[in-house]
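Coordinate analysis (summary)
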Amino acid sequence: MKFAYKFSNLLGAVYRQGNLNFSTDGNAVISPVGNRISVFNLKNNTSETLPVSTTKNITCVGVSPDGRLAIVVDEDGAALLVSLITRAVLHHFHFHKPVSSVRFSPDGRKFVVTKENVALMYHAPGKRHEFNAFVLDKSYYGPYDETTCIDWTDDSKCFVVGSKDMSTWVFGAERWANLIYYSLGGHKDVVVGCFFEKDSLDLYTVSQDGTLCVWESDTDLDGLVLKKKSADGGSRNEEEEDERQEGQEGEVVRGRAETPADDKKIKNVRYKQASKHFFNKEGDFNNLTAAAFHKQTHILVTGFASGVFHLHELPEFNLVHSLSISQQRIASVAVNASGDWIAFGCSRMGQLLVWEWQSESYVFKQQGHFNNMAALAYSPDGQYIVTGGDDGKVKAWNTSSGLCFVTFTEHTSSVTCVAFTASGFVIVSASLDGTVRAFDLHRYRNFRTFTSPRPAQFSSLAVDASGELVSAGAQDSFEIFLWSMQTGRLLEVLGGHEGPVSCLCFSPVQSILASSSWDRTVRLWDMMDSWQVKETLPLTSDGLAVTYRPDGQELAVATLNGEITFWNPNTATQTGSISGRHDLEVGRKDTDKVTAKQLAKGKSFTSVCYSADGASVLAGGQSKFVCIYNVREQMLMKKFEISCNLSFDAMEEFLDRRKMTEFGSLALVDEGAGDGDGVNISLPGVRKGDMSSRHFKPEIRVSSLRFSPTGRSWAATTTEGLLVYSLDGSMVFDPYDLDLDVTPASIRKQLRLQKWTSAIVLAFRLNEKALKQEVLETVPHEQIPVICGSLPDIYVEKLLGFLASCLETSGHLQFYMTWAQNLLMLHGQKLKNRSGSILATLQALQKSIQRHSDNLSKLCDFNMYSIRYAVALSKQRGMKRPAAPEDEEDEGLSDEMSQASLDEDDMRL
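Here's a quick rundown of the structure. Keep in mind that this is a model prediction, so the values were computed, not measured.

**Considerations on the packing of aromatic side chains**
Under the definition given, this model contains 40 aromatic pairs. Plain terms: the ring middles of F93 and F134 are 5.1 Å apart, the flat faces sit at 65 degrees to each other, and that makes the pair edge-to-face. Of this pair, F93 sits in strand β9 (residues 88–94) while F134 sits in the loop between β12 (118–123) and β13 (135–141), and the two are 41 residues apart along the sequence. Given the relative accessible area of 2%, F134 is considered buried.

See below:
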């Protein structure tokens, strides 16, 4: 088995913090999620997480005007230059201080970065290969406090910077004689947004207290005069002296009390306040948190701490729209290029919304688990993933699109375990609220609720292969409850464990339930024989997780001492064990008093699952690593590092001694005036405004692991979110039974001679995807049954696996379906005898066919109603005019034909 699994997508989280950006065409939203970047395609309704990550959580993202480059900056000021075309990191840079905002100029030649009270203008990286991609051009000093926002004029001649000191500064990007800098006041709170009017130097500034100031300039953009160079090349002006003193690479522009004017004939740029407007002062509306302005439509969008947003038309300040979209603070607002769609990000709830304000409808609405994820499960065809979280929500995700399509909120406490039934249309979840609930994916409703006679907190769950029996283990009464899915009645209460039941698992081939407990035993319960204990397997430590191999002939048990033991359930004998305590490599938390090496002795695997073929096992726990072991060799094959985000706790093995003081670690000291939501200091000496707000550093851990039934991917619920790792889709040269005569030329020669079977065999021996696809699509469709009947058995399985991968992307649906149908019809009995070994291939084929079936059924339904409407409309028009006898016959004939076509569509569906 090859372990070429790579990170493919991040689900379960759509937005954490930072600024949102639209793509150049306006069809995609670029959202920072932790230390990663996710791109949500609104047109195709898909999501993709870029395979790049920073060392800490991302705070701001700047996208170039052509949409090719993005500058990503984390909390420490470490920046990445990322290509949005190739998804690769082009350059690393460090600003050494936290950065508040990044903005490219409209012409794409420069970008401005604001950190502390300085605005730094850099030359943007171009198409030429450069040693240093970020070349500093000028440094602008003006504000006395931290800068908050940036905006450029349309011709990239000037930019404006807002600050926490309630001032706004206009700077010239070039050496203008009549505009070097200009400071604007007028606000009584932090400036949240500053925006230039279209093709003008006129300004709009918005502050946190809900005030809008409109500033008019007496000079047009064409009125800016370029400063003449001094004739004396040896003399230095004051800026150059400052540059030499600061040791910067670029020029330094400093704001002064007086207005500079080198040439008395040139009139300097002046601003005056044209008007001042106030937003609604009632309630929390005055706490303005985010703003965006669309210059073409003159629409100002403002978000507030109460979850309300306003749309105003400027400069008249006419209210166009007002709506509450959330109960939490709106952290970021962005408007697409056409001005139709507005994106909102709510960091507290993890929400990302895209609103079309003209039709007043949602274009996109996603929310992840705003607390830790606790459990996940794959559907039998691998097409869906269901997750449960500590927030009491159960969410279903589409693996191909990466989006959540339904959320169930019936649970009132943490969801501890989730499972799919064998049909794939029923989700079962267990919770600490004392209920086990079954949800229908057809009608999206909770149709069964299972409870125990006495209240119990359910910590484990299992559903048998038939989907009829539902079992849940209690962590307080040490009992296992069995219910009937059909009737919803409690069938039996299984007692015998002397500790909390940690995990349950049904055998895939028999009616046997395996339960692990903290009493150091695994019990096998026979569902066919009065629910009696069939076997009791003794463990060396507390049992934490138990799972069956897909063929039901082996058990894997994870225990508290860091071991994974393997058992034969038929003979109740141990067949092997793996000591994985040292493979976890746990990190040291800020509050730990002992080293990470000592901590590792008390850590263990909390989740274990078999791969689709049963040859290996995945294990994860309170660590940033997921280990994959070979069961037969009982050795570690590969370790996956699920995160490198240092914003989480327990990431590093050694603590930074520079942060250690005699009073403890500096990481435990919570600095800052507020909690980030605009709450001011209320009492002298109090560092925080809201003493009840929770501020903590989450610990990195893996709570649940599952392998996809198709064998193409596996997923893990972690502190970072739901991580999906898939096999690399790129072409890998992996020949089978290669010989000297197996070449592309000889394969194409067989095609010219119309020796189809020989060409297919040679292509699969060479094993190049493009060549295999070329050979298959060259075969005439009437020859497919003959070729399928003459293929050797070993190539039947290989061809089925290749058809499953082709069906996902190819448009020749009927052609590949004909191949699959003939292979399954002619070799069905032989495949059935080897169903265990080719289960992953069959699951992948079923997933591809099911996805096409769902898409086509929607299309056919839509067309069917359209045809019926057209027929009804033609009948109505025919009744309005007298029809000739021959016309009536033609109309009757057309009705019969349309009805026949509808019947044919129904047959296909």
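What follows picks up the thread again.
**A closer look at the pairing of strand β39 (residues 458–463)**
Burial analysis of β39 places 6 of its 6 residues in the buried class, the great majority of the element. Of the strand pairs in this sheet, β39 and strand β40 (residues 469–474) are connected by 5 bridges, and their pairing is antiparallel. Its bridge partner being in β40, F458 is matched across the sheet by A474.

**Concerning the sheet that holds strand β20 (residues 211–217)**
Each strand in a sheet pairs with its neighbour through backbone hydrogen bonds, running either in the same direction (parallel) or in the opposite one (antiparallel). The strand order across the open sheet built from 4 strands is β18-β19-β20-β22, with neighbouring strands paired in antiparallel fashion. Of all the strands in the sheet, just β18 (191–196) and β22 (271–278) have a single pairing partner and so form its edges. Each strand axis lies, on average, 20 degrees off the axis of its neighbour in the sheet, ignoring direction. Pairing of strand β19 (residues 203–207) with β20, which is carried by 5 bridges, proceeds in the antiparallel orientation. Along β20, the bridge assignment pairs L203 with W215.

**Details of the sheet that holds strand β5 (residues 46–49)**
If you walk across this open sheet you meet the 4 strands as β2-β3-β4-β5, and the pairing is antiparallel. Here the strands that pair on one side only, and so sit at the sheet edges, are β2 (21–22) and β5. One ladder, built from 6 bridges, connects strand β3 (residues 28–33) with strand β4 (residues 36–41); its direction is antiparallel. Paired with I30 across the bridge in β4 is V39.

The rules we used
Residues numbered from 1 in each chain as written. Predicted model: local features only at pLDDT ≥ 70, side-chain atom pairs only at ≥ 80, totals over all residues. Heavy atoms only, no water. Phe/Tyr/Trp six-rings, centres within 6.5 Å; stacked < 30°, edge-to-face > 60°. Helix = DSSP H or I, 4+ residues; strand = E, 2+ residues; numbered from the N terminus. Buried < 20%, exposed > 50% of the residue type's maximum accessible area, 1.4 Å probe, protein only. Pairing = 2+ DSSP bridges. Axes fitted to C-alpha atoms, helices over the stretch in contact; angles between N-to-C directions.

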